[in-house]
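Each chain, letter by letter, is given below.
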Amino acid sequence: MARYSPKEVEPKWRAAWDEAGAFHAETGSPKPKYYVLEMFPYPSGQLHVGHTRNYAMGDVVARFKRARGFNVLHPMGWDAFGLPAENAAAERGVDPAAWTWDNISRMREELKRLGLSIDWSRELATCDPAYYGRQQAWFLKLLERGLVYRKEGQVNWDPVDMTVLANEQVIDGRGWRSGAVVERRKLTQWFLRITDYADALLDGLKTLDRWPDKVRLMQENWIGRSQGLRLTFALSHDGPIEGVSVYTTRPDTLFGASFVAIAPDHPVAERLADGDSAVSAFVATARKGGTSEAEIESAEKLGWDTGLKVIHPFAPERLLPVWIANFVLMDYGTGAIFGCPAHDQRDLDFARKYDLPVTPVVLPAGEDATVFHVKQEAYVGPGRIYNSGFMDGLDIEAAKTAAVARAEALRIGEGATVYRLRDWGVARQRGWGCPIPVVHCGDCGVVSVPTDQLPVRIPQGLDFTQPGNALARHPTWKHVSCPRCGGPAERETDTLDTFVDSSWYFARFTDVDAETVIDKDAADYWLPVDQYIGGVEHAVLHLLYARFVTRALADEGMLSVKEPFAGLFTQGMVTHETYRRQSGEWLEPRAVDVRGEGLDRRGFAADTDEPIVIGDAEKMSKSKRNVVAPGDIANTYGVDAARLFVLSDSPPERDVQWTSGGVEGSWRLVNRIWAEFDQDSGDDSPDGIDEAATLALRRHTHKAIKAVTETIEGFRFNSAIARLYEFVAVVRTARSSACSRQSRHEALSALARLVGPFAPHLAEECWLRLGESGLLATAPWPEWDSALTEDDEQVLPVQINGKRRGEVLAPRGATSEEVQSLVFQNEDIVKRLEGLTIRKVIVVTDRIVNIVAA
RNA sequence: GCGGAUGUGGCGGAACUGGUAGACGCACUGGAUUUAGGUUCCAGCGCCGAAAGGCGUGGAGGUUCGAGUCCUCUCAUCCGCACCA
């Protein structure tokens, strides 16, 4: 018996699949379609184990569905624009395009080595003019429809990457890539009107029943729809302004108002600051923060009394002061609020600091209106409205309705829906990206590049050695004549956010060679993606943008689906322990020798034998050197063992910790499986067939088929692999009994096919050894016979007062009476019951018996 | 602060609608083969206990014949949002 040799076996089968075109997806096939997609990678040039896990999951699904008779589309592409290429260009003087394409070809080879069942004829790269040119085409369509606009506004500026970021890309006040503290700047920017789709995107979430609740919730919160009242407070006397418009979700507390506050960026504040150095000094202080860490931590409320007074809309005799306050945000609602300190904690903090009145208007049940007070904690619970004129006695909801109605009747406000979601700023000041295909003309303004002149290509020879936008610095590229008037004009030098590139690639995959942006027939056939797989880190960013663009393109008539991804699965990361010398230097796993277990587990440097600090398992990263290269693993154990391991140790949605022991376990499984095939299956025993053993083997086979099928369908790959371990053990044991030749063949044939999605090369080799014709990759999935998945007899545990005290062997489906008679014939149990009075006997068919006795 | 998730052996984790807790893997222990083995095979492995038995799914209550699973409270960890009016 030869040891299984992945080095020889694996390449052989990859070539065979290629040659047979086994993974070619035929658009329009009458078979039911199934589109499985993993989030496409950035071509960094190096595959890591995280990729291996992500793509192995998709491949399990793809291979399984193919075997189940589906016409499967499983494509691969490259999210190829982005800063790393510019950084490489700056550091090494290479051309970003050359660098990127080079990485792509390297990574393609590494990915192919994983044995993924991908239709490589559909490969695409976002940096290919054939792709981004079509992106420019639909961008212009959206521009025509008013979904793209330019606006001067406050933007998030990443001082390290020297570019603008969308709100979604600012995390804890820092750039999502660079980690640098983001600054606020005023710039003219390109926006996509995603807010037009806020309701649609929110409502659409309800239809995504195969998405994780967590992701839907995150998107829901991100969109942040709220219902309230927009209301204008009129100025009490003539002044520099007419009034202040505020937004509130608590119009029921209007009678508790004791001040109006506006944001430091509010036009009124800016007007007042203009020419008043004291005001402008305050505005500058208040505005400073919002992003810096210190500012976020100290939530100190700052205010400035403008001296202006506004009239309470429902009680004109009352005047409220207008303050400028740092806790009011310009970009939410109207940038102004009314303060009701009794029922809002922030307003209360502010009121206490500046000694403003606190008037409760919501009375909690059981409190006495004459003594109820709000001290340091605002009351935000339910209750009855009081101190509130026409709203007195109403509950909160009724009062809200009444307040809105009154405001509308007085023509000073109206019910309003407000969103947290802002429009998507898509322009980036970068050279290595999809150019925004417009021209600025002094006479005609912004002019679209005519369709027949697309794609607007990135020019050769950009200079990336200086920070900032290389495209803008190019000596000639931007100088063109206006497509409309022919006069001198300049190209737009901003490029599109790379999230635009990834917001429609799944549609392009349905026909990568389409002359149009998207081939409608192909898209209608394949979309939506049935199963999308990727990291949770894209829960809001990519997944929200892709949903938006899909709807926008659908409204443009390019697509029929409204939601791109019918099923979503968010997989966990691959982590590894971290190792550090006493000096603080990080060590690679291979440079560390780990001994002992539990609390005595210690690490030593392989070179000096000095003690090493073993840190927690963390996401693999270059900086901590806790990285294991998939290539190295494949060289040692083969890719099948690596695929098995990344899926076996943890449920797919959770992180998995890479351990060398773990892969070795998978490698043992590979060999154990092979050992079952690598021998003469032989003839039936001359002494006759053991019918009982044969039946037992067949039952195990059918149970295994059922269990593996159901666990794959439920995305419980770790459990599926556990069932494989068990089944191999059964098959091995059966070798020593006289099972029929036929039953052995049935078992092995099933085993090979069940292994197929996880360890496809091994499975093919087994299939060949079994003498089956054709590729296992295109063979049908085994079926199970439900008559064989359940035993005729089973052991029923017998409990006395809920504690297990024995067991009986009962036929399947035995009635309560039958089971009870067996139980009371059982000596052990009878002995246990001596001296006790039986109160009740519960028999759960085929499950358990519980005797209640005292 | 708001919202959400998760707590099970030395470790990763199983357990479908409440029904034998700890499948499967790792680590470990003993044995066999080989003895160059860090190979392979067999067995053991939640805790206490010699055993009988008892105790065990973060903690405290509760519902139930029966709870890892359901309910209430609580603690811890992780994630998302964060002065959102």
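Draft legend 1. Here's a closer look at the pattern of salt bridges. In total, this model carries 37 salt bridges according to the counting rule given. Note that Arg225 is salt-bridged to Asp199, the shortest N-O span being 2.1 Å. Linking Arg225 in the loop between α7 (213–223) and β10 (226–234) with Asp199 in helix α6 (residues 198–205), this pair joins segments that are 26 residues apart in sequence. What makes Arg225 partly exposed here is its relative accessible area of 35%. A salt bridge links Arg804 to Glu807; the shortest N-O distance between them is 2.6 Å.

Draft legend 2. Just the sheet that holds strand β21 (residues 434–435), in detail. If you walk across this open sheet you meet the 3 strands as β20-β26-β21, and the pairing is antiparallel. Every other strand in the sheet has two partners, leaving β20 (427–428) and β21 as the edge strands with one partner each. By the bridge criterion, 2 bridges tie β21 to strand β26 (residues 495–496) in an arrangement that is antiparallel. The residue of β26 that forms the bridge with Pro435 is Thr495.

Draft legend 3. Representation of unusual backbone geometry in the model. Omega for the bond connecting Leu454 with Pro455 falls within 30 degrees of zero, at -5 degrees, which places this linkage in the cis form. Looking at where Pro455 falls in the secondary structure, it is placed in the loop between β23 (445–448) and α13 (470–473). For Arg411, which is not glycine, the phi dihedral falls at a positive 55 degrees. Here Arg411 lies in the loop between α12 (396–409) and β18 (413–418). Residue Arg625 is not a glycine yet carries a positive backbone phi of 60 degrees. Positionally, Arg625 belongs in the loop between β33 (611–619) and α18 (630–637). Judged by its relative accessible area of 34%, Arg625 is partly exposed.

Draft legend 4. Structural detail: the pairing of β10. Two elements, β10 and β18, share 6 bridges in a ladder whose sense is antiparallel. When the sheet's bridge partners are listed, Leu229 is paired in β18 with Gly415. With 6 bridges connecting them, β10 and strand β11 (residues 243–248) associate as antiparallel partners. From the neighbouring strand, Ala234 faces β11, where its bridge partner is Gly243.

Draft legend 5. Representation of the protein's contact with RNA strand B. Around RNA strand B, a shell composed of 51 residues is seen, among which Thr249, Lys301, Arg346, Arg668 and Glu726 lie nearest. Each atom of RNA strand B within 4 Å of the protein was classed as base or backbone; sugar and phosphate made up 64%. Contacts to RNA strand B include Tyr332, whose side-chain N or O atom sits 2.7 Å from a phosphate oxygen. Contacts to RNA strand B include Asn718, whose side-chain N or O atom sits 3.3 Å from a phosphate oxygen. Elements with a contribution of two residues or more to the surface near RNA strand B: α7, β11, α20 (660–677), α22 (717–734), β35 (793–800), β36 (803–811), β37 (838–844) and β38 (848–853). Tallying contributions element by element places α22 first for the surface near RNA strand B, with 7 residues. When grouped by side-chain class, the residues that make up the surface near RNA strand B number 19 nonpolar, 11 polar and 21 charged.

About the thresholds
- Counting of residues starts from 1 at the beginning of each chain's written sequence and follows it residue by residue.
- For this description, chains carry letters from A and ligands carry numbers from 1, given in the order in which they are written.
- For a predicted model such as this one, the threshold for reporting local features is a pLDDT of at least 70, and the threshold for listing and counting side-chain atom pairs is 80 or more; totals across whole chains, interfaces and linings nevertheless cover every residue.
- Hydrogen atoms and water are omitted, and side-chain values are computed over all heavy atoms in the structure.
- Salt bridges, as used here, are contacts in which a Lys or Arg side-chain nitrogen is within 4 Å of a carboxyl oxygen on Asp or Glu.
- Counting from the N terminus, the helices are DSSP H or I runs at least four residues long and the strands are E runs at least two residues long.
- Only protein chains enter the accessibility calculation, which uses a 1.4 Å probe. A residue is then buried if its area is under 20% of the maximum for its type, exposed if over 50%, and partly exposed in between.
- Two strands make a pair as long as DSSP finds a minimum of two bridges between them.
- To be near a molecule or strand, a residue needs just one of its heavy atoms within 4 Å of it.
- Within 3.5 Å is the distance limit for a polar contact, defined as a pair of N or O atoms, with the added protein rule that one can donate a hydrogen and the other accept it, and that residues adjacent in sequence qualify only through two side-chain atoms.
- Note on residue categories: nonpolar means Ala, Val, Leu, Ile, Met, Phe, Trp, Tyr, Cys or Pro, charged means Asp, Glu, Lys or Arg, and polar means any other residue, Gly included.

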